[in-house]
Amino acid sequence: MQDALAPGLYLVATPIGNLGDITLRALEVLKQVDRIACEDTRQTQKLLNHFEIHTPTVSCHQHNERHRAAELIEVLKSGGRIALVSDAGMPGISDPGAWLAAEAIAAGVAVIPIPGANAALSALIASGLPMDEFHFIGFLPEKAGARRTRLESLADEIRKSQSPRTLVFYEAPHRILETLADLESVWGAGLRIVIARELTKIHEEFLRSTVAEARRELAARDRVRGEIVLLVEALPSAAGNASAAQTAEKLTIRIARLQAEAGLDEKEALKRLARELGQSKSDLYRELQRERARLKVSGR
């Protein structure tokens, strides 16, 4: 006879693709709790149906987490047992859950992690990149200018720290080519990366190459599909070299050279450079304006 489950909030990892990756402990917890708080009740119900688990579910997603947390905390304070799950992997890792866990801790409620599948760590251990130190970043900003700024700040951090590490990102398939173009621009074409796609699923794939090679490979496909983990070998020397190359080849200089060599006006030079870099002309124009603003400030 199994022991009764103690009161508390259980943070339960669920499979990231292959249902066989659910743990025995996770199944027992999901069966015994009073209710399951889900990022998407429909998605979780598929998992529960597969394992014949009949525990009631309630939604707890990014739009209602703070409101729902107050309700769930009251249940927990009265001795309730609640499991929290995201659609896949560990709750709270680029998914809802962190707020509820923090509120439960503040309320003096026991918070118990139930380990299991995680896309970032699964990709890291099979990447072949250094694992002594890694930095999980999650999703980069969606807007091109903010994304580029974030990558530039990461390159500066690596260069100043003198500590090699692997950077781990999550990325959407429709943005991966833009992100690779930004990485190539900031770190250089020889940057060593790994793209882990559709982990644990039938079409699982690892691309281990330079950023330039990976961009060419994906650009040649009709469509890029599936969840993506992007890993970057961030070496201080590479960040330093890229920074030097970036300084020597600022957009203002490249635009001026194209204008002089090809007899183009700025608009046409921007259009040509955007094609060469695989970026949109509007994104490149915004970057050019940011660069000019920086030069203006530094020149004062």
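Residues numbered from 1 in each chain as written. Predicted model: local features only at pLDDT ≥ 70, side-chain atom pairs only at ≥ 80, totals over all residues. Heavy atoms only, no water.

Reading across from one edge, 3-2-4-1-5 is the order of the five strands in this open sheet, with parallel pairing throughout. For this open sheet the edge positions go to strand 3 (57–59) and strand 5 (111–114), each flanked by a neighbour on one side alone. Across this sheet, the average inter-strand angle for adjacent strands is 25°, counted without regard to direction. For strand 2 (residues 35–38) and strand 3, the ladder comprises three bridges, and the chain directions are parallel. The partner of Cys38 across the bridge, within strand 3, is Ser59. Across the face of the sheet, helix 1 (residues 24–32) comes into contact with strand 1 (8–12), strand 2, strand 4 (81–85) and strand 5 while running at roughly 135° to strand 5. (Pairing = 2+ DSSP bridges. Helix = DSSP H or I, 4+ residues; strand = E, 2+ residues; numbered from the N terminus. Axes fitted to C-alpha atoms, helices over the stretch in contact; angles between N-to-C directions. Contact = heavy atoms within 4.5 Å.)

Our next topic: unusual backbone geometry. Of note, Glu198 is a non-glycine position whose phi angle comes to about 55°, a positive value. Along the chain, the position of Glu198 falls in the loop between strand 8 (192–197) and strand 9 (205–210). Positive phi values are uncommon outside glycine, yet Thr200 reaches one of about 70°.

Right, let's talk about helix 1 for a bit. Every buried residue of helix 1 is listed here: Ala26, Leu27, Val29, Leu30 and Gln32. Buried residues along helix 1 sit in contact with strand 1, strand 2, helix 2 (41–50), strand 4 and strand 5. (Buried < 20%, exposed > 50% of the residue type's maximum accessible area, 1.4 Å probe, protein only.)

Turning our attention to the packing of aromatic side chains. One pass over the full model with this rule turns up two aromatic pairs. With a centroid separation of 5.2 Å and an interplanar angle of 75°, the aromatic rings of Phe136 and Tyr170 are classed as edge-to-face. On the criterion of sequence distance, the pair formed by Phe136 in strand 6 (residues 134–139) and Tyr170 in strand 7 (residues 165–171) is long-range, its members being 34 residues apart. Using a relative accessible area of 31% as the deciding quantity, one classes Phe136 as partly exposed. Each residue in the set Phe136, Phe139 and Tyr170 is aromatic and connected to the rest through ring pairs, giving one cluster. (Phe/Tyr/Trp six-rings, centres within 6.5 Å; stacked < 30°, edge-to-face > 60°.)

Below, the discussion takes up the state of the cysteines. Inspection of every chain in the model, using the stated rule, returns zero disulfides. Looking at Cys38, it has no disulfide partner, and the nearest cysteine sulfur is the one in Cys60, 9.0 Å off. Taking the relative accessible area as the measure of exposure, Cys60 reaches 1% and is therefore buried. (Disulfide = S-S within 2.5 Å.)

Let's shift gears to the sheet that holds strand 6. Pairing in this open sheet of five strands is mixed, and the strands run 6-7-10-8-9 from one edge to the other. Whereas interior strands pair on both sides, the edge strands pair on one side only; in this sheet they are strand 6 and strand 9. The sheet shows a mean angle of 15° between the axes of neighbouring strands, direction not considered. In terms of strand pairing, strand 6 meets strand 7 through five bridges, oriented parallel. When the bridges of strand 7 are listed, Gly138 appears paired with Phe169. Each of strand 6, strand 7 and strand 10 (228–234) touches helix 6 (residues 144–161); the most contacted strand, strand 7, lies at about 165° to it.

With that settled, consider the packing of helix 7 (residues 176–187) against helix 8 (residues 211–219). At a minimum axis distance of 9 Å, the contact between helix 7 and helix 8 shows a crossing angle of 155°. Considering their axes alone, helix 7 and helix 8 lie roughly antiparallel with respect to each other. In the packing of helix 7 onto helix 8, the handedness of the crossing is left-handed. Contact with helix 7, carried on its side by Ile176, Leu177, Leu180, Ala181, Leu183 and Glu184, involves Val211, Ala212, Ala214, Arg215, Leu218 and Ala219 of helix 8 and no other residues of that element. Of the residues belonging to the contact of helix 7 with helix 8, the class tally is ten nonpolar, no polar and two charged. (Parallel < 35°, antiparallel > 145°, perpendicular 65-115°, else oblique. Left-handed = near helix turned anticlockwise from the far one by under 90°. Nonpolar A, V, L, I, M, F, W, Y, C, P; charged D, E, K, R; others polar.)

So, about the pattern of salt bridges. Applying the stated criterion across every chain, the model contains 19 salt bridges. The network of salt bridges with shared partners includes Arg197, Glu205, Glu217 and Arg221. (Salt bridge = Lys/Arg side-chain N within 4 Å of Asp/Glu carboxyl O.)

Burial runs high along strand 7: seven of the seven residues are buried. In this structure, strand 7 lies alongside strand 10, joined through seven bridges in antiparallel fashion. In the sheet register, Glu171 faces strand 10, and the bridge partner there is Ile228.

Note that every value here comes from positions in space, so none of it alone points to a role or purpose.
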